[in-house]
Amino acid sequence: MGINRLKSLKRLDLSFNEFSSEIPVTELNQLPHLMTLRLEFNSFSGSLSADEAKAAVSFKEFNISGNNFSGKIPNWLSKFPVASFTGCKGFNKVDDLLKASAEMLGKGSVGTSYKVAILDSGDVVVVKRVIEKLKKIKDVDGFLRLFGNLRHTNVVSLRAYYSSKEELLLVYDFLPNGSLRNLLHGRTPLDWTTRLKYALGAAKGLRFLHSYNKTKICHGNFTSSDILIDHYGNACISDICLHLLLQIPNSSNNRYKAPELSTQNNMNTNQNPRKFSQKSDVYSFGVVLLEILTGKIATSEGKTSLAKWVQRVVNKEWTWDVFDFELARYKEMEDEMLALLKVAMACLVSSPKERPKMIVVEKMIEDITKKENR
C-alpha cells in the first residue's frame, strides 16, 4: 500500500473498499502514531496472528468486521471493549462516559439523547439514555450486537452500548447537522436539490435495512426525526429496530403510523392491530416524503392527517397547492416534484400488499434524481 511513509498518520479508514489478501502488518508496524484503524467490509483474508497484535497494541479503535478471516478469534482482541462494535471512539468503559461532559440534545419517545465529549480523546458521541422498559428478551446483548453490525453510508451505526437492570445506554456517532425534521421546519428553507438528496439517502438506508441478511428487519418507528444529516450532507436513518427491544407506547408517532397499525381502525373492523413490518415502514416513509414536499409538519391520524389532506387536494386537481411555498421558485423542477409526489402516494396506499418495496422506492427516486441532473 505504501502507507508506511506516512509516519505521522493517526487515523486510517480503508473501510468499504475492495482490498484483499492479508493485512499489511509490516507497513502498519512502521506507523508509530496510528491510533485508529478501520478495515471493515473489504476482502482481507488469512488468520489473525501475533503480528497483528503487535500492530494493534496502541490502537484505541480497531475494526476488521466484514472480511474473510479464518481460524479462531485471538485472545488479544479482548483488549477492545466487549460492548463495542468499532472501538468505541476513545472510551473503554462506561465510567468514561459518565465522567465526560454532556449536553442534552432532546427527549424522544424512547429516551433522552446527550451530546458527550470524551475527555481523553476529545471525540464526540451521542448517548441515548433509554427510559422505556425493556421487553423480556433473553439475550439483550446478542440482540444489540446483531444491530451493532449494521454498516451503511445512510445508517447511523450503533457504536457501543451499556446494559444493566437499571438502564440502557446506546452510543452513536454525533452527526452535527441535526435531523431532517428540524431542517425542514427551521428558519432556513431547504432547496429542492437538497430535499431530493435527503429523500434518496433515507430511501437507501431503509432499503439496506429491509434487505439485510435475508431477514425481514424493519425500522418500526420511522419519522423525519429519525433521519439525521452527517458531516458530508448524507441522510442517515437512526434508532433502528428499537421497537423490538423496548415497550414503545402504541400511541407513539401516530402521525406516521400505517393504518393497519391503528388501534381505532382495527376496532372499527373488529381486527387486532398488526405488528410493525417493512410495509408499515414504507407507509411512514411516504409521510416523510410528504413533509419534504409540503414543508408541513406531519399531523395526527384521521381526517386531519397530512396524508389525508394531500389526498384531498390531489383529488381536486389542485396539485401545485400541495407543495411548499418555498419550492415555488423551482418551477422548472415541477415534473420532478410531481414524480416524487407520486412515489409518496404509492407508499401511502391503504393496503400493505399494494405498497412498493423499498428497493423499488429507491429506484424510483434515483430515476427522478437522474432526470434533474440532465
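Parameters and conventions
Residues numbered from 1 in each chain as written. Predicted model: local features only at pLDDT ≥ 70, side-chain atom pairs only at ≥ 80, totals over all residues. Heavy atoms only, no water. UniProt positions renumbered as here; feature names shortened; annotations may be inferred. Salt bridge = Lys/Arg side-chain N within 4 Å of Asp/Glu carboxyl O. Helix = DSSP H or I, 4+ residues; strand = E, 2+ residues; numbered from the N terminus. Buried < 20%, exposed > 50% of the residue type's maximum accessible area, 1.4 Å probe, protein only. Pairing = 2+ DSSP bridges. Axes fitted to C-alpha atoms, helices over the stretch in contact; angles between N-to-C directions. Phe/Tyr/Trp six-rings, centres within 6.5 Å; stacked < 30°, edge-to-face > 60°. Lys NZ or Arg CZ within 6 Å of the ring centre and 35° of its normal. Core = buried A, V, L, I, M, F, W, Y, C linked by side-chain atoms within 4.5 Å. Contact = heavy atoms within 4.5 Å. 1 Å grid on protein atoms, 1.4 Å probe; cavity = no way out; pocket = protein on both sides within 12 Å on 5 of 7 lines; lining within 4 Å. Points joined across faces, edges and corners; volume = space filled by probe spheres on them.

The name that an unreviewed UniProt entry assigns to the protein chain is Protein kinase domain-containing protein, with the source organism given as Anisodus tanguticus. Here is the UniProt Subcellular location (unreviewed entry) comment for the protein chain, exactly as written: "Membrane".

**Student:** Which parts of the structure should I look at to understand the pattern of salt bridges?
**Tutor:** Side-chain pairs of opposite charge can arise whenever the charged atoms involved come near each other. In this structure the tally under the stated criterion is 9 salt bridges. When the shortest N-O distance is used, the salt bridge between lysine 204 and glutamate 362 registers 3.2 Å. In this pair, lysine 204 is assigned in helix H6 (residues 192–210) and glutamate 362 in helix H12 (residues 358–372), connecting sequence segments 158 residues apart. A relative accessible area of 22% means that lysine 204 is categorised as partly exposed. Where salt bridges share partners, they join Lys204, Arg207, Glu362 and Glu366 into one cluster.

**Student:** Honestly, the sheet that holds strand E8 (residues 111–117) in this entry has me stumped. Any pointers?
**Tutor:** Within a beta sheet, neighbouring strands are joined by backbone hydrogen bonds and run either parallel or antiparallel to one another. Read from one edge to the other, the open sheet built from 5 strands follows the order E7-E8-E9-E11-E10, with strand pairing classed as antiparallel. Edge positions in the sheet fall to strand E7 (101–107) and strand E10 (158–163), since each of these pairs with one other strand and no more. Recorded for the sheet is a direction-independent mean angle of 25° between the axes of neighbouring strands. Note that E8 and strand E9 (residues 124–130) share 7 bridges and pair antiparallel. What sits directly across from glycine 111, in E9, is valine 130.

**Student:** What should I look at first to understand the packing of aromatic side chains in this one?
**Tutor:** Think of a pair of aromatic rings as described by two things: how far the centres are apart, and how the planes are tilted against each other in angle. Following the criterion strictly, the structure yields 2 aromatic pairs and no others. Both rings, one in phenylalanine 208 and one in tyrosine 212, keep their centres 5.7 Å apart while their planes meet at 55°; by these two values the pair is tilted. The positively charged end of lysine 296 is found above the aromatic ring belonging to tryptophan 309, 5.0 Å away from the centroid.

**Student:** What is the right way to read the nonpolar core from this model?
**Tutor:** Soluble globular proteins tend to bury their nonpolar side chains together. By size, the foremost hydrophobic cluster in this structure holds 72 residues, and its most contacted members are Leu170, Trp192, Phe285, Leu289, Leu290 and Ile365. Every residue in contact with leucine 290, bar those within four places of it in the chain, is listed here: Gly295, Leu306, Ala307, Val310, Leu341, Ala344, Met345 and Leu348.

**Student:** Which parts of the structure should I look at to understand the pairing of E8?
**Tutor:** Put simply, side chains in a regular strand alternate between the two faces of the sheet. Two strands pair when backbone bridges link them, and E7 and E8 are joined in this way by 6 bridges, in the antiparallel orientation. Within the sheet, the bridge partner assigned to methionine 104 lies in E8 and is tyrosine 114.

**Student:** Explanation requested: empty space enclosed by the protein in the structure shown.
**Tutor:** If a probe the size of a water molecule is rolled over the atoms, the empty space left behind becomes visible. This model, assessed by the stated rule, comprises 2 cavities of 30 Å³ or more. As a volume, the largest cavity reaches approximately 140 Å³. In terms of lining residues, the largest cavity is bounded by 16 residues, among which Phe147, Leu158, Tyr172, Asp239 and Ile240 are the most central. The set of elements that each furnish at least two residues to the lining of the largest cavity consists of helix H4 (140–148), strand E11 (168–173) and helix H7 (242–245).

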